[in-house]
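Remarks on the overall topology
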Amino acid sequence: PIHRCAGVPSYLNSPLKGHRAGFFMAHSPTKVQSMLRAVCERTSADYAIFWAATNDQLSTFAHYNPPERIEELQKQRGDDDTFGKGSASVKLEAGGDSLVARVLRSGEGSLLNNVQEVSAESFQRTDLAKTFGIRSVACVPHEGGVLEYGTTQQWSTLPRAFADEVRVAVGEAGAESGDPAKCKKLAYWKPEDPKFWAEWGKRIAWKNLLISVPNLLLMFATWIMWSILVTTVQTANDASNGAAYPFADLGLDPDDSTGYKSSLFMLPSIAGLAGATLRVPNSFMVASTGGQVTNAMNSTLAILPMVGIALALASTDCPFWLLCILAPCCGFGGGAFASSMSGISFFFPKRDQGMALGLNAGIGNLGVSVTQLVLPVVCSSGIFGAESVGGKYVMNAGWFYAILLAMAAAPAWFLMNYMPNHGSPTGSLLANVVAYLRLEGLGFVGVICGTGLFVLSTPLVAGSPVLIILRIFVLAIIACLVTLASMWFLSSSEIKAKLRVQAEIFSDKHTWLMTWLYIMTFGSFIGYSSAFPKLIKDVFGYLPDGSENPNAPSVAGYAWMGACVGSVARPVGGWLSDKWTGATVTHWGTVIEVVATVAVGIFVRLAQASSTPEQYFYPFLICFLFLFGATGSSNGSTFRQMSVMFPPEKAGPVLGWTSAVAAYGAAIFPACFGAGLQGGFMDIVLYVFAAYYSTCLGVNYWYYYRKGAEKPC
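Residues numbered from 1 in each chain as written. Predicted model: local features only at pLDDT ≥ 70, side-chain atom pairs only at ≥ 80, totals over all residues. Heavy atoms only, no water.

Moving on, we come to the overall build of the protein chain. When you go through the protein chain residue by residue, the secondary structure sums to 27 helices and seven strands. Whereas a compact globule of 713 residues would reach a radius of gyration of roughly 27 Å, the protein chain reaches 28 Å, a difference of no more than 12%. Projected onto its principal axes, the C-alpha coordinates of the protein chain cover approximately 95 × 55 × 50 Å. The buried share of the protein chain, taken over its 713 residues, is 59%. In the protein chain, 78% of the contacts between residues at least 6 apart in sequence involve partners at least 24 apart. With an accessible surface of roughly 25,700 Å², the protein chain has 64% of that area assigned to carbon and sulfur atoms. With 47 positive and 46 negative side-chain charges, the protein chain shows a separation of 6 Å between the mean positions of the two kinds. (Helix = DSSP H or I, 4+ residues; strand = E, 2+ residues; numbered from the N terminus. Rg over C-alpha atoms; globule rule 2.2 N^0.38 Å. Buried < 20%, exposed > 50% of the residue type's maximum accessible area, 1.4 Å probe, protein only. Contact = heavy atoms within 4.5 Å. Areas by Shrake-Rupley, 256 points an atom, 1.4 Å probe, with all protein chains shown as cover. Lys, Arg positive; Asp, Glu negative; His and termini not counted. Charge placed at Lys NZ, Arg CZ, Asp CG, Glu CD.)

Quick look at the structure:
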């Protein structure tokens, strides 16, 4: 049975004249492929074909299959054949009785809900459809030709290929020459073509990278700023004998300095949990919104919690519950990494991706060092006119970053570009912003769930270091799963279709193996960065009896060094991976991580038991800097492994997903050290981390590094 579609948008129902004369426009292959992909994502079709009419005949101009359909057929058949490839050799008479020809002449969409039961006159490819299991086939006229799309399922009504208000132009062949960046949505993109890269690609790619880097740097800076805010608040409280920021709502005994210090560890943990959770939607956001909007919106929205911090910390009576709300709002910075790295990965050819991703992430990661180096200075003078609290101007941190974020967001809004097959098909900025807000909002469902449970469960785990550690692992899993569920069940059909395509990464075991490795590299880097300033203060700033150490090293003087070394090492790791292999750099970086972590644990134990802990500070610092350097270089090498191991459309989501899971290190590491401080086993925490690194050494060696490895990369 053939169903006419009276509800097809009016622009598709206009009769097409002149097909016999064959004057239909030449089409841009890139834009046709982009259009076919968009149709499959919207309708959940298993294939799409664009038929072009010339000289009284209809022939296949282009065809598309979603990646998961191709993999399914390869497993079933053992070859690369598809229904689209089989249709490519078919020629249809424009004046004939085929479904495609009738749609071309009538200008009306039609549906065959079971092509395996119709006559050969109505559908000449019935046998081909049976071979590939195709049941329902839909056709609509489009841009001087016919768009065909079908499924192995059975449709009862014709699925709309496009929203009523959207028309996807397939363009002209001439669109593949000249400047592709006349609009924010690139007209075409061919980075692997040497001529295109030299003439247009390199300049456009580097422009976008140079805008992305400062935005990502500030995202990291505002996400990890709680590592400095809590130490500055703690210093103000110590200097005022508990008068500054007493946080009476915590209900602590005024003499319980250990309880106060361990409570402050909650804030970087909550910020870390939120940032990691927001990386989940950011991992899959670029295809729906375009990379330009993700950069611009993340920086713009991050201004809001900065203003909140400035206002809240201006008062010494600021309640702790208010900080527990502001801390997760800084998660915009943590989430931004996934979309930034995914978006930039599309701009560069494979030969330069290690370097480009290393620069974006490496300089971006320097935001941690910027925070740890600059904020102590910013918080030490009344540059914004506010009164000090406990001798410190902690509120300055908010105003400082609010100004810088506004300056960084402007070029992202006006100068950045995004891929032809990403975002709104028409390049609508409003549609891209709405898609961003919807996905980011779904991410905040997980954030609210995770951080809410964190705060509510605090009285239940108080006094039990083991429960504190167990809680953060459980909440990280809950927040991630709630976010994934929200994205799946609450997304629009268009976004859900794109998520369905990208979710194919979860069926590949190497996605999970690289996630395990990336937790070791980036998870350790961001976790140690978040905990390092407070670790210095708690291990070397106090004597065994709890009194302040008069010879304690300056937190502000050293805290920034670790993240700086790790950030600088990241692009070096990417560059070395381009010269050798990512697996090689990861292997030796992991060896250093194991040794350095054990050494740090030894010096922590010695310092905590000594009446002069400062004598162990420099050995501790040197070992920790080696640890930071190893995590940084391995960050670059593992990212390079993933960009080489997976095809481009999978590499972006894989890069985003692994970074999302690894980012929970920003929550887990401070929580573990906080529990270790409370229970007196900080060194044991480090030894456990070293044992985990040893398992990563084995995974990387077996699957990627050894001779005869499954996927040498």
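Right, picking up where we left off after that structure.
So, on to the pairing of strand E2 (residues 47-54). With seven of eight residues buried, E2 is to be regarded as a mostly interior element. Here six bridges tie E2 to strand E7 (residues 145-151), and the two strands are oriented antiparallel to one another. Across the sheet, Tyr47 pairs through a bridge with Gly150, a residue of E7. A loop of two residues connects E2 with strand E3 (residues 57-64), the two strands running antiparallel in sequence, and Asn55 in this loop sits at a positive phi of about 50 degrees. (Pairing = 2+ DSSP bridges.)

This part covers the packing of aromatic side chains. One pass over the full model with this rule turns up 45 aromatic pairs. The interplanar angle of 85 degrees and the centroid separation of 6.3 Å between the aromatic rings of Phe525 and Phe628 together place this pair among those described as edge-to-face. With Phe525 in helix H21 (residues 509-540) and Phe628 in helix H24 (residues 617-645), the pair connects residues that are 103 residues apart, well separated along the chain. With a relative accessible area of 0%, Phe628 lands in the buried category. (Phe/Tyr/Trp six-rings, centres within 6.5 Å; stacked < 30°, edge-to-face > 60°.)

This part is about the pattern of salt bridges. One pass over the structure, following the stated rule, counts eight salt bridges. Here Arg640 makes a salt bridge to Asp578, at a shortest N to O gap of 3.2 Å. Of the two residues, Arg640 is situated in helix H24 and Asp578 in helix H22 (residues 555-579); the sequence distance between them amounts to 62 residues. Under the relative-accessibility criterion, Arg640 is labelled buried at 15%. Among the residues examined, Asp578 registers a relative accessible area of 24% and is labelled partly exposed. We note a salt bridge from Arg605 to Asp683, for which the minimum N-O separation is 2.9 Å. Of this pair, Arg605 sits in helix H23 (residues 582-608) while Asp683 is found in helix H27 (residues 682-705), placing the two residues 78 residues apart along the sequence. With a relative accessible area of 36%, Arg605 lands in the partly exposed category. Each of the salt bridges in this network shares a partner with another, and the network as a whole consists of Arg77, Asp79 and Asp81. (Salt bridge = Lys/Arg side-chain N within 4 Å of Asp/Glu carboxyl O.)

If you look at the biggest cluster of nonpolar residues, it comprises 166 residues, and the most contacted ones within it are Trp226, Tyr245, Tyr528, Phe620 and Phe673. Other than its neighbours up to four places away in sequence, Trp226 contacts Leu267, Pro268, Ala271, Ile309, Leu323, Leu326, Ala327 and Cys330. One finds Ala53, Ala101, Leu104 and Cys139 within the second-largest nonpolar core, a separate group that totals 25 residues. (Core = buried A, V, L, I, M, F, W, Y, C linked by side-chain atoms within 4.5 Å.)

A separate point is the environment of Leu326. Structurally, Leu326 can be placed in helix H14 (residues 320-329). On the accessibility criterion, Leu326 (9% relative accessible area) is buried. Along the chain, Leu326 and Gly201 lie 125 residues apart, while their C-alpha atoms are 41 Å from each other. Excluding residues that lie within four positions of it along the chain, Leu326 makes contacts with Trp226, Pro305, Gly308, Ile309 and Ala312.

Once that is clear, we can look at the side chain of Thr590. Structurally, Thr590 is set in helix H23. A residue is classified by how much of its surface remains accessible, and Thr590, at 1% relative accessible area, is buried. Setting aside its immediate chain neighbours within four residues, Thr590 contacts Met520, Ser634, Tyr693 and Leu697.

This part covers the packing of H23 against H27. Running from N to C, H23 and H27 point in directions that differ by 170 degrees, and their axes come no closer than 9 Å. What the angle tells us is that H23 and H27 run roughly antiparallel. (Axes fitted to C-alpha atoms, helices over the stretch in contact; angles between N-to-C directions. Parallel < 35°, antiparallel > 145°, perpendicular 65-115°, else oblique.)

This part covers the packing of helix H10 (residues 266-283) against H14. At their nearest, the axes of H10 and H14 sit 7 Å apart, and the two run at 30 degrees to each other. Taken together, the axes of H10 and H14 lie roughly parallel to each other. By crossing handedness, the relation of H10 to H14 is classed as right-handed. Facing Met266, Leu267, Ile270, Ala271 and Ala274 of H10, the residues of H14 in contact are Phe320, Leu323, Cys324, Ala327 and Pro328. In the contact of H10 with H14, the residues fall into 10 nonpolar, no polar and no charged. (Left-handed = near helix turned anticlockwise from the far one by under 90°. Nonpolar A, V, L, I, M, F, W, Y, C, P; charged D, E, K, R; others polar.)

Take a nonpolar patch on the surface next. A cluster of nonpolar side chains, contributed by Leu311, Ile383, Phe384, Trp399, Ile403 and Met407, occupies part of the molecular surface with about 600 Å² of accessible area. Residue contributions to the nonpolar patch peak at three residues, all from helix H17 (residues 396-415). Inspection of the secondary structure assignment puts Ile383 in the loop between helix H16 (350-378) and H17. (Patch = residues over 30% accessible without salt bridge, like charges linked within 9 Å, V, L, I, M, F, W, Y side chains within 5 Å.)

Quick look at H24 now. Relative to the 42 Å expected for 29 residues at 1.5 Å per residue, H24 spans 41 Å between its end C-alpha atoms, a close match to the ideal helical length. With respect to burial, H24 is a largely interior element, 23 of its 29 residues being buried. (Expected span 1.5 Å × (residues − 1).)

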